[in-house]
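The primary structure of each chain is shown beneath.
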Amino acid sequence: MSDPVPGTEERVPAGSGVKLSSAQGRWIVVATVLGSTMALLDSTVVNVALPRIGEDLGADLAVLQWTVNAYLVTLAGLILVGGALGDRFGRRRVFVLGVAWFAAGSLLCGIAPNAGVLIAARALQGIGGALLTPGSLALIQGSIADGDRARAVGLWSGFGGVGAAVGPFLGGWLVDGPGWRWVFLLNVPVAAVCVPIALRHVPESRDPHAHGRFDVLGAALGAAALALLTYALIEARSGSPLVIASALGGVLLSALFVYVERHRSDPMLPPDIFSSRQFTAVNVVTLFVYAAFGGFFFLVVLQLQVVSGFSAMAAGASLLPATALMLLLSARSGALGERIGPRIPLTVGPLLCAAGMLLMLRVGPQASYVRDVLPAMVVMGMGMVALVAPLTATVLSSVDPGRAGLASGINNAAARAAGLLSVAALPLLAGMGPEAYRSATEFDAAFGRAMLWCAGLLVAGAAVSWTTVRKPPPGAECHPECHTFCATASPPLEPPRAAKP
């Protein structure tokens, strides 16, 4: 990566910052929105394309699972390191590298001749996502003047929310039109616009207090453990020695990861942060809730296309009500949670989401969107409104404000790891065979069982919330921007300070 463009560092005098009303301020928001939207769109549009990917590549269900999970393995395993790299070597530099890396991975996905290349390219995409995702908000925090920062984050989250809303619809349109490969190729021109804007208009920023060595060993152990456990769950039906070895290896590496983090002087995942019971409890809730969400959003678009006969575009558009409700109401939900405390929202939200998933049991052959799908998605959306913003705010308020970036990074990684393991395990638990998605009857029956598992996970999350989560004591602090940016983030995105290992 080249040195910063001459002159950009001097545009932001120490102690001030770029005004949002200036041309440079607006360009900073554009660059960060473009970069974060690439990763956000990818997480919402790829699921819509899965049936066509399987059909075109002659792939079984395991390949579709890996198409989702290869990305999540590297993203979840490296996202904390990505934030730390930005703090140390320059947030703009690492952000630009992440955007370029993500675009290269997207290009490889778009031209992949077979399933193996596609899965490898998705893993590369995840590395790029781990580099650019923490840097997006960190660039705003490090560049925009204090008085304009909340507005800048609001613009960032608003445009990101629009991207999340149109993502499934756009993905469906691309799949039905030019083909599934354009779901990935679309990222290339976006990156071609984003990178020059960032290099020309975004000032470089670093954390002057960043110190210590990077926890490369911890990151490698965490990612390897997730990969081995994921492989064991996806291939469990074969019962081969390799599957058994992968499961044992994943458990062993998980234990080694915990040991390394407990004994390193500067760990990626400091164990002492879990001394906060509230923080630990909310992360347990996150695991339950986002395991359910990950499994649901992986399977629902398959159900709508394979069983109900929806087009890819119609299946993607079916998810819009939940996203629209999040955009409209999540900020208010965050404010309500601040007034009454997180316990009730974090209990009621998962229960509403569970009810929405149980309503999806009505979605079968010849399902009506208005009669069957829409009520389920509205109830699901209201549950997410009640849940997501208070969950993120509680994560941030349950630790010392100086560690809020680390806390949100850990919660983000937990959410993605939960979704990863759910996508791997849920088809096995629901009894989906390798060719299940090719048979409407077989997939419909397995989908019903899967929704029961997802609803059970959400009920478990609600139970943990009710028994363990309490209102933060008076004086507990939260990022002033958190109600803005968490309103459109699912899973919650990083706060303005990038996480340090």
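Residues numbered from 1 in each chain as written. Predicted model: local features only at pLDDT ≥ 70, side-chain atom pairs only at ≥ 80, totals over all residues. Heavy atoms only, no water.

Bringing the overall build of the chain into the picture now. The helix and strand inventory of the chain stands at 17 helices and 0 strands. Summarising the internal contacts of the chain: among those between residues at least 6 apart in sequence, 85% fall at separations of at least 24. Accessible surface, the chain: about 18,700 Å² in total, of which carbon and sulfur atoms supply 68%. (Helix = DSSP H or I, 4+ residues; strand = E, 2+ residues; numbered from the N terminus. Contact = heavy atoms within 4.5 Å. Areas by Shrake-Rupley, 256 points an atom, 1.4 Å probe, with all protein chains shown as cover.)

Glancing now at the environment of S318. Relative to the elements of secondary structure, S318 occurs in the loop between helix 11 (312-317) and helix 12 (320-340). According to the relative accessible area criterion, S318 is buried, its value standing at 2%. Along the chain, S318 and V370 lie 52 residues apart, while their C-alpha atoms are 9.8 Å from each other. Not counting the four nearest positions on each side in its chain, S318 is found in contact with L304, F310, Y369, V373 and M377. (Buried < 20%, exposed > 50% of the residue type's maximum accessible area, 1.4 Å probe, protein only.)

This brings us to the pattern of salt bridges. Under the definition given, this model contains 5 salt bridges. Its salt-bridge partner being R362, residue D372 comes within 3.5 Å of it at the nearest N-O pair. Of the two residues, D372 is situated in helix 14 (residues 369-397) and R362 in the loop between helix 13 (343-359) and helix 14; the sequence distance between them amounts to 10 residues. The buried category is assigned to D372, whose relative accessible area is 5%. (Salt bridge = Lys/Arg side-chain N within 4 Å of Asp/Glu carboxyl O.)

Moving on, we come to unusual backbone geometry. The backbone of Q366 sits at a positive phi, close to 55°, despite the residue not being glycine. Checked against the element boundaries, Q366 lands in the loop between helix 13 and helix 14. When its relative accessible area of 70% is taken as the criterion, Q366 is described as exposed.

What follows is about the packing of helix 1 (residues 23-57) against helix 4 (residues 115-143). Helices that pack against each other are described as a pair by the angle of their axes relative to one another and the distance between those axes. It is at 8 Å that the axes of helix 1 and helix 4 come closest, and there the two elements cross at 160°. Between helix 1 and helix 4, the crossing angle belongs to the class labelled roughly antiparallel. Regarding helix 1 and helix 4, the two cross each other, and that crossing is left-handed. Of the residues in helix 4, those touching helix 1 at I28, T32, G35, S36, A39, D42, V46, I53 and L57 are A115, L118, R122, Q125, L132, T133, S136, L139, I140 and S143. Taken together, the residues of the contact of helix 1 with helix 4 sort by class into 10 nonpolar, 7 polar and 2 charged. (Axes fitted to C-alpha atoms, helices over the stretch in contact; angles between N-to-C directions. Parallel < 35°, antiparallel > 145°, perpendicular 65-115°, else oblique. Left-handed = near helix turned anticlockwise from the far one by under 90°. Nonpolar A, V, L, I, M, F, W, Y, C, P; charged D, E, K, R; others polar.)

General note: in soluble globular proteins, nonpolar side chains tend to be found buried as a group. Judged by nonpolar contacts, the single largest core of 142 residues is most densely connected at F293, L299, M357 and F443. Filtering out sequence-adjacent residues up to four positions away, F443 remains in contact with L299, L302, Q303, V306, V307, M432, A436 and Y437. (Core = buried A, V, L, I, M, F, W, Y, C linked by side-chain atoms within 4.5 Å.)

Turning our eyes to something else, we now look at the environment of F184. Secondary-structure assignment places F184 in helix 6 (residues 181-185). As for F184 and L41, which are separated by 143 residues in sequence, their C-alpha atoms are 9.8 Å apart. When residues no more than four places from it in sequence are discounted, the contact partners of F184 are D42, V46, I53, S106, C109, G110, L118, R122 and Q125.

Right, let's talk about a nonpolar patch on the surface for a bit. A contiguous nonpolar patch, built from L336, I340, I344, V348, L352, V378, M382 and W466 and spanning about 630 Å² of accessible area, is present on the exposed surface. Counting only elements with at least two residues in the nonpolar patch, the list comes to helix 12, helix 13 and helix 14. On the basis of relative accessibility, which here comes to 44%, the residue I344 falls in the partly exposed class. (Patch = residues over 30% accessible without salt bridge, like charges linked within 9 Å, V, L, I, M, F, W, Y side chains within 5 Å.)

Right, let's talk about the packing of helix 1 against helix 10 (residues 277-307) for a bit. Packing of helix 1 against helix 10 brings their axes to within 9 Å, and their N-to-C directions diverge by 50°. Judged on the interaxial angle alone, helix 10 and helix 1 are oblique. In this structure, helix 1 crosses over helix 10, and the sense of that crossing is right-handed. Contact residues: helix 1 offers N47, V48, L50 and P51, while helix 10 offers F297, F298, V301, L302 and Q305. Partitioning the contact of helix 1 with helix 10 into residue classes produces 7 nonpolar, 2 polar and no charged.

Let's shift gears to the layout of surface pockets. As a volume, the largest pocket reaches approximately 810 Å³. Along its surface, the largest pocket is lined by 27 residues, and L226, F257, L269, A414 and A417 are the ones closest to its centre. Of all the secondary-structure elements, those providing two or more residues to the lining of the largest pocket are helix 2 (61-89), helix 8 (216-234), helix 9 (241-263), helix 10 and helix 15 (404-429). (1 Å grid on protein atoms, 1.4 Å probe; cavity = no way out; pocket = protein on both sides within 12 Å on 5 of 7 lines; lining within 4 Å. Points joined across faces, edges and corners; volume = space filled by probe spheres on them.)

Relative to the elements of secondary structure, I53 occurs in helix 1. Spatially, the C-alpha atom of I53 lies 9.9 Å from that of N114, the residues being 61 residues apart in sequence.

Looking now at the packing of aromatic side chains. Scanning all chains against the criterion turns up 5 aromatic pairs. Where Y71 meets F102, the ring centres are 6.2 Å apart and the plane angle is 85°; that geometry is what we call edge-to-face. Pair noted here: Y71 is in helix 2 and F102 is in helix 3 (residues 91-111), with a separation of 31 residues, a long-range link. The pair formed by Y71 and F102 is uniform in burial state, with each residue classed as buried. Against the face of W466 rests R343, its NZ or CZ located 3.7 Å from the ring centre. (Phe/Tyr/Trp six-rings, centres within 6.5 Å; stacked < 30°, edge-to-face > 60°. Lys NZ or Arg CZ within 6 Å of the ring centre and 35° of its normal.)

Turning to the side chain of N283, a few remarks are in order. Inspection of the secondary structure assignment puts N283 in helix 10. Other than its neighbours up to four places away in sequence, N283 contacts I410, N411 and A414.

Low-pLDDT portions of the prediction should not be read for the details of their coordinates. Taken residue by residue, the chain gives an average pLDDT of 84. The fraction at 70 or more is 89%. Per-residue pLDDT, averaged within each element of the chain, yields its smallest value for helix 17 (residues 482-485) (37) and its largest for helix 16 (residues 440-468) (96). Low pLDDT, under 50, characterises residues 1-15; the stretch is placed with 25 contacts to residues that sit more than four places away or in other chains. (pLDDT = per-residue confidence, 0-100.)

Here we come to helix 12. Taking 1.5 Å of rise per residue, the 21 residues of helix 12 would be expected to cover 30 Å, and the 29 Å separating its terminal C-alpha atoms lies within 8% of that figure. Within the sequence span of helix 12, burial applies to P321, A322, T323, L325, M326, S330, S333, G334 and G337. Phi turns positive one or two residues past the end of helix 12, at G341, with a value near 95°. (Expected span 1.5 Å × (residues − 1).)

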